[in-house]
Each structure stands twice: as C-alpha cells, then as structure tokens.
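A look at the structure
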Amino acid sequence: MGPRRSAASSCCRLFLLLLLGVFGFFQSYAVEVDIKDASNATCLYADWMMRFLITYESNNGDYKTTTLNLSSSVTHNGSLCGNDTQSALVAVQFGEGHSWSINITKNNETYQGDFITLTYNTNDTAVFPDAKRKGPVTVLVKDPLHPVQLNTVFVCHNSYFIEAENITQIFWNVTVEVFVQNGTVSKKESRCPADIPTSAPTVSPTIANVTTASTTTLSPAPTTAPKPVENPDTGSYSLKSGNKTCFLATVGLQLNISQDKPLLININPKTTIADGACGNMTATLKLNDGNSTLIGFTFAVKNTSASVQKYYLREVNVTLLNHLNGSVISSADNSNFSKWDAFLGSSYMCQKEQTLQINEDVQVHTFNLWIQPFLVEANKFATAQECSLDDDSILIPIVVGAALAILVAIIVVAYIIGRRKSYAGYQTL
C-alpha cells in the first residue's frame, strides 16, 4: 500500500501511538516527511518511527541509561531532495533541542545512507535529570544498511538497531524512497534483512529465545517427563577505552520472567552485542541480544579502608523489546545490589548458578561467571576471587570439625558410661 502525500510543498505529519507495556503505557511518535521539488513533485518521501537509548554520566559519577523519544512536535527543517552531485538529506528536530539527520548519496543506479547524526541536549532535564555534562552532544555513525535500487522503496517493518559509543538507535515501521522519479513513490519494495523470513522454525513475535517453563496438556499426559530447559551458553564480552581493553566478562545468562505465565529466556552469545562505559568509579556493561533483550550491569568502587578499595555489582536493569516495532514490553531495574565484591585490580569468579532478583517479576540467572570491570591489564583477567558457592575448600574444615566433634562426643559418652559402671561395682561391694 503506497504512502499518502499532501498537496503542500512539504509536510511533517505526526500521530500518537499508545503502546501498552507490562508496567504501563509507552509513547512513541511516527514522523512523515514529504519533500517537493521546484515543480511541486515529490522528490523524497520518508515515514518511520525511532527512539534512542542513551547512557550518560550523572552528577555523582554514575552512569545511567535513559530513553529519548520523538516528541509531539517535530520539524524537518533543512531536508533536501538531492541530485546527482548533491546528497539528499532527511533532518528532523524535536523536543528540547534534539535533532537527527541522515544524508543519502546517489551512485549510478542505487542510493544509500551515508552518515547518521544525532544531537541530544542534556539540558533537557526531563530526559537527563542529573546529567554531569550540560548542553548538546553530537554522535556520528555510519549507516550500516545496504544500497537500494533507484525507483525502489526501502521498507522495514521489524525493528533494527544501530549502536555507537553510548547510544542505541532503534528504528521500525520504516518506509523511505529518495530521488523519487516522476514525483510518484514507487510500488517496488526492497526489504530489510529483519523482514525477510527464513526457513528456521518461527518463534514468538515479541520475545526471542523463549522457552515456556510450564506446559499445557491438551491430551492425556505423556509417559515421559517434559524436557528441562537447558542452561544458557557461556559468552565472552569486552569493552575498550581507546585501544585498551577496560572491561572483561565471561558469563551465561538466563532470564526468568513471571508475567501471565513463567518464561525462561536464554541469552544467545552468538547474537549478543556488548556495549557500555568504563570509568574510574563506575563501569557499565550493556548486552543486546538480537534486538529483543537488553541487560545492563553497573559496577561501583567502594572504599573499605584508607588503603583498600573494593568493587561490587550495584545495579542491574533488564528491558524486553518487541522486535516488530521496537516498543518496550517489560522494563525492570534494581539499583540496590551489593554483590560480587572483590578487591580492585582482581577479578570475580562464580561458576555455580546465581540468582539476581530484579523485581518480583524478573530474575537474572548467571552461570560460569568471570568478570573484571576495572583495571584490566594486557587483555587478561587478573587473579580471581571466588564466590563462596565455588569454594569447596571450606568444606574440608567443616567436615574435619564435625568428625572431631563426633569423636569427642563418643569419648565423653564412653567415659560417663565407664564411670557409672565403676560406681555400680563399688556399690555391690
């Protein structure tokens, strides 16, 4: 179905979509841009939805992640049709000083996005209530999508992500044609990879890698027990500051979501991208599994004495996204942890399963954990401090102590019985 165009020289139509999430309503706006040339014919058409996840430093040195949405008032000043020698430009401005743009170049029989520029304004206290850095921040990223044939509309209904530095850009319901011919938007479509079906078995359209923790019997119960959910694969993740590795993590992750029915979600390392931020006092690892699950771990440094410093896990947040439209299905956060503490300069290891209770509905299970968020040297883990669950050596003194206690008890009882018999012998005499 082709897009509708207004008779005005240019228009920017916005409409409000109310998306019901598990924990409330989440607003998202769509923007439509229809640019006309000198003859009042459409030369560029774009209709899409987007939002941004931004990690920023707060006044107290912590790193927080916030969501920047398109506002109810969007302009598209500066958008250009482009030609054989000049790039086309789609530019929008929204909210309190935020803007986004993409320049698109023409090459022989194709067109392709070149650079995407996002400028967000941390003076917007509604989005960045306690940002340490004030004012506009601009991030430039290369558009990763492939070229599109001329006289063809690029369409992507499913969400796709572009990550750069501390920002995740989420796009969905995208319809774009640049260098429109004869003023008429083409009916020929070029689909994004996310929209192209594969031969693999279909999965739930809302949550990837989901295994139902309970089964419903529609016929007499089978004689064999249901197959248990397997533990997740272990993935290795790292962050860099410049050319130096500053964060190392090896872990298997599983989510336990208790909503209408329990769901176990194994995080797949093969489809998971690591992002985050390294700092002197806080460090954050963000994991994005297949554009459907976002998990963030924040570590902080604490002073245990004048000369001894330790770090610990302070915060975990989990966001489940609808990969069809990028909307938030569920969001949970717990910033009151005090786990996984280790001396600064060492790593922390726990091979046994651990459970992190995010809220009453969300748990994160970790397996084969080995992590070092600070002072990584030579791209290698430092000496590990093991969790008590792994430290089997503490069982030895416990067993020995218990055996000694039993032995002492036996000796005392034997002594008492012997004394009583001796006393009874004296009485008979």
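Residues numbered from 1 in each chain as written. Predicted model: local features only at pLDDT ≥ 70, side-chain atom pairs only at ≥ 80, totals over all residues. Heavy atoms only, no water.

**Description of the environment of Asn 166**
The topology assignment puts Asn 166 in the loop between strand 12 (160-164) and strand 13 (167-178). In this structure the C-alpha to C-alpha distance between Asn 166 and Val 139, which are 27 residues apart in sequence, comes to 9.2 Å. When sequence neighbours within four positions are dropped, the list of residues in contact with Asn 166 reads Leu 53, Ile 54, Thr 55, Tyr 120, Asp 275 and Lys 286. Engagement of the side chain of Asn 166 in a polar contact is seen with the backbone oxygen of Thr 55, the distance being 2.4 Å. (Helix = DSSP H or I, 4+ residues; strand = E, 2+ residues; numbered from the N terminus. Contact = heavy atoms within 4.5 Å. Polar contact = N/O pair within 3.5 Å; in protein donor to acceptor, adjacent residues only side chain to side chain.)

**Quick word on the pairing of strand 3 (residues 42-57)**
Across a regular strand the side chains alternate sides, sitting on one face of the sheet and then on the other. Across the 16 residues of strand 3, 15 count as buried, placing the element largely inside the fold. Direction of pairing for strand 3 relative to strand 13: antiparallel, over a ladder of ten bridges. Each bridged residue has a counterpart across the sheet, and for Arg 51 the counterpart in strand 13 is Ile 170. Two strands pair when backbone bridges link them, and strand 3 and strand 4 (residues 63-69) are joined in this way by seven bridges, in the antiparallel orientation. Bridging from a neighbouring strand, Ile 54 pairs with Thr 66 of strand 4. (Buried < 20%, exposed > 50% of the residue type's maximum accessible area, 1.4 Å probe, protein only. Pairing = 2+ DSSP bridges.)

**As for the environment of Arg 191**
Locating Arg 191 in the fold gives a position in strand 14 (residues 189-191). Here the alpha-carbon distance between Arg 191 and Val 148, two residues 43 residues apart in the chain, equals 9.4 Å. With sequence-adjacent residues up to four places away left out, Arg 191 is seen in contact with Val 155, His 157 and Ile 196. A polar side-chain atom of Arg 191 sits 3.3 Å from a polar atom in the side chain of His 157.

**Points about the side chain of Thr 250**
As for its placement among the helices and strands, Thr 250 is situated in strand 17 (residues 244-258). For Thr 250, a relative accessible area of 18% translates into the label buried. Setting aside chain neighbours within four positions, we find Thr 250 in contact with Thr 234, Gly 235, Ser 236, Asn 368, Leu 369, Trp 370 and Phe 381.

**Some remarks on a nonpolar patch on the surface**
A contiguous nonpolar surface patch, about 380 Å² in accessible area, is contributed by Val 408, Val 412, Tyr 415 and Ile 416. Position of Ile 416 relative to the elements: it lies in helix 1 (residues 395-428). According to the relative accessible area criterion, Ile 416 is partly exposed, its value standing at 39%. (Patch = residues over 30% accessible without salt bridge, like charges linked within 9 Å, V, L, I, M, F, W, Y side chains within 5 Å. Areas by Shrake-Rupley, 256 points an atom, 1.4 Å probe, with all protein chains shown as cover. Salt bridge = Lys/Arg side-chain N within 4 Å of Asp/Glu carboxyl O.)

**Points about the nonpolar core**
Trp 48, Trp 100, Tyr 120 and Phe 154 are the most contacted members of the largest nonpolar core, which has 48 residues in total. The element contributing the most residues to this core is strand 3, with eight residues. Here Trp 100 is in contact with Trp 48, Met 50, Phe 52, Val 90, Ala 91, Val 92, Phe 94, Ile 116, Thr 117, Leu 118, Gln 169 and Phe 171, once residues within four sequence places are set aside. In this structure, Tyr 237, Val 251, Phe 299 and Tyr 311 belong to the second largest nonpolar core, which totals 39 residues. (Core = buried A, V, L, I, M, F, W, Y, C linked by side-chain atoms within 4.5 Å.)

**Some remarks on the state of the cysteines**
In this structure the tally under the stated criterion is four disulfides. Across a sulfur-sulfur distance of 2.0 Å, Cys 156 and Cys 192 are joined as a disulfide pair. Every disulfide takes its handedness from the sign of the S-S torsion; for Cys 156 and Cys 192 that torsion is 70°, giving right-handed. Remark: Cys 192 occurs in the loop between strand 14 and strand 15 (210-212) and Cys 156 occurs in strand 11 (residues 153-156); sequence separation between them is 36 residues. Across the pair, exposure class does not vary: Cys 156 and Cys 192 are buried alike. Disulfide pairing is shown between Cys 350 and Cys 387; the S-S distance is 2.0 Å. Residues Cys 350 and Cys 387 are joined by a disulfide whose S-S torsion is about 70°; by sign, that bridge is right-handed. Here Cys 350 is found in strand 25 (residues 347-350), whereas its partner Cys 387 is found in the loop between strand 28 (384-386) and helix 1, with 37 residues between them in sequence. (Disulfide = S-S within 2.5 Å.)

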